[in-house]
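# Commentary on secondary and tertiary structure
The chain contents come next:
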Amino acid sequence: MSERTNFGNGRRRFLHLSAGAGLAATGMLGALTRASAVEAVNLYTWSAGVDTVKRQLAEFQKKDGLAVKYNNLPFAQYREAMVTKFVGQAPIDVLWVSDGWLPEWADAGWVAPLDAYPQLLNYNADAQDFCNQSMRYKGRQYGLTYYTDYMAFLYDADKLAKAGIAAPPASWEELVDQSIKIKKAGLSEYPLMLSMARESWLIEFMSALVFSNGGRFVDDNGNVVMDDP
């Protein structure tokens, strides 16, 4: 996982902080036009790169004159804490949002689409298309991407060689076959390790497994199909 640190100047710098950053329905779009106003923009993020974000915000505020009230929460509690704040109508202007929660928050009216503002969509050119797609829901774009990371499959080349396996698996079927072969060879009691704890990353692993097997969580109409044999 990496974070972008070489940002541009002024408002561009602040917008790049918006991460999967969406505009809260309470109105960051209005805040961008009131740089001389007394009230500060309320920014909520999870606790990642806090020192980096603070440095960037300090430079932004110095150059643009728009005050920003920075709030951060642990990622593991972020979704639940933000939902509580939405329901309680807490002052939120800009926030980080995971693409895993975007449909929920958009349907609830907690975040506002930004695609009516071409000056914001100009930043799409700085990101790969799949990043921009992750911020779109029902034909509308709700945020700008501030970072991208990748999930990796790691294997033990020595164990594969000892089991007589020439190359790592290229499919789920090969993965199962190789795991069984390694187990039968007595090289490992549990040849395959998956992180399946009930925590914030579980949806990421489950999505990778389900989608790469051609499965889906919902149909085209958004109806749950997880219990469909």
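See the structure printed just above.
The model shown is predicted, which means the values in this text are computed figures rather than measured ones. (Residues numbered from 1 in each chain as written. Predicted model: local features only at pLDDT ≥ 70, side-chain atom pairs only at ≥ 80, totals over all residues. Heavy atoms only, no water.)

Evaluated as defined, the whole model comprises 13 aromatic pairs. Relative to Phe 75, the ring of Trp 46 lies with its centre 5.1 Å away and its plane at 80°, an arrangement referred to as edge-to-face. Taken together, the positions of Trp 46 in strand S2 (residues 41-46) and Phe 75 in helix H4 (residues 75-87) put the pair 29 residues apart, joining distant regions of the chain. Note on Trp 46: relative accessible area 8%, which makes it buried. Looking at Phe 75, the relative accessible area reads 26%, which means it is partly exposed. Taking 4.8 Å as the distance between ring centres and 55° as the angle between the ring planes, the aromatic pair formed by Tyr 146 and Tyr 147 counts as tilted. In this structure an aromatic cluster arises from ring pairing among Trp 46, Phe 75, Tyr 78, Phe 86, Trp 96, Trp 101, Trp 105, Trp 110, Tyr 146 and Tyr 147. Between Lys 183 and the ring centre of Tyr 190, over which it is positioned, the NZ or CZ distance is 5.6 Å. (Phe/Tyr/Trp six-rings, centres within 6.5 Å; stacked < 30°, edge-to-face > 60°. Helix = DSSP H or I, 4+ residues; strand = E, 2+ residues; numbered from the N terminus. Buried < 20%, exposed > 50% of the residue type's maximum accessible area, 1.4 Å probe, protein only. Lys NZ or Arg CZ within 6 Å of the ring centre and 35° of its normal.)

The biggest cluster of nonpolar side chains holds 36 residues, and the ones touching the most others in it are Tyr 78, Met 82, Leu 95 and Trp 105. If you list the elements that add at least two residues to this core, you get strand S1 (21-24), S2, helix H3 (50-64), strand S3 (68-73), H4, strand S4 (94-96) and helix H5 (102-107). (Core = buried A, V, L, I, M, F, W, Y, C linked by side-chain atoms within 4.5 Å.)

All quantities given are derived from atomic positions and should not be read as evidence of function.
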